[in-house]
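Given next are the chains, with one letter for each unit.
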Amino acid sequence: AIDPADANATGKRPAEGELENPAKQIRTTKYYLIKSEPQLYSIDMLMSEPNMTCEWDGVRSYEARNLMGRMREGDLALFYHSNCKDPGVV
């Protein structure tokens, strides 16, 4: 028997790789690499922000901006300092 909640508009089971029922989907933690130049915005500046959050604007890369838009509470990020004497994850 086909669960009506899992059937698509044709009444057939979803194709392989297609979600049977999006409401049943369990979200997993996603991981991101956030790059910043420390003289412009450092990890110390982020840690001093209220609730350790900030608005991240001025992103020139469309791909990076789109990925950032997908970030959700609970996702994790590595903060990478670039263009400095000792570049790396801080």
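Only a predicted model underlies this, so the values are computations on that prediction, with no experimental measurement involved. (Residues numbered from 1 in each chain as written. Predicted model: local features only at pLDDT ≥ 70, side-chain atom pairs only at ≥ 80, totals over all residues. Heavy atoms only, no water.)

Enquirer: Please clarify how unusual backbone geometry should be interpreted in this entry.
Expert: Trans peptide bonds make up the majority, and among non-glycine residues the majority have a negative phi. The phi angle at Asn51 is positive, at roughly 60°, despite the residue not being glycine. In this fold, Asn51 is placed in the loop between α1 (43-48) and α2 (62-70). One non-glycine residue, Asn83, adopts positive backbone phi at about 55°. For Asn83, the position within the fold is in the loop between β2 (76-81) and β3 (88-89). (Helix = DSSP H or I, 4+ residues; strand = E, 2+ residues; numbered from the N terminus.)

Enquirer: Help me understand the pairing of β2 in this model?
Expert: Alignment of strand β1 (residues 31-36) against β2, held across six bridges, turns out to be parallel. Each bridged residue has a counterpart across the sheet, and for Tyr31 the counterpart in β2 is Leu76. Pairing analysis gives two bridges linking β2 to β3, with the strands arranged antiparallel. Note that in β3 the partner of Tyr80 across the bridge is Val89. Counted along the chain from β2 to the antiparallel partner β3, the turn is six residues long, and its residue Asn83 has a positive phi close to 55°. (Pairing = 2+ DSSP bridges.)

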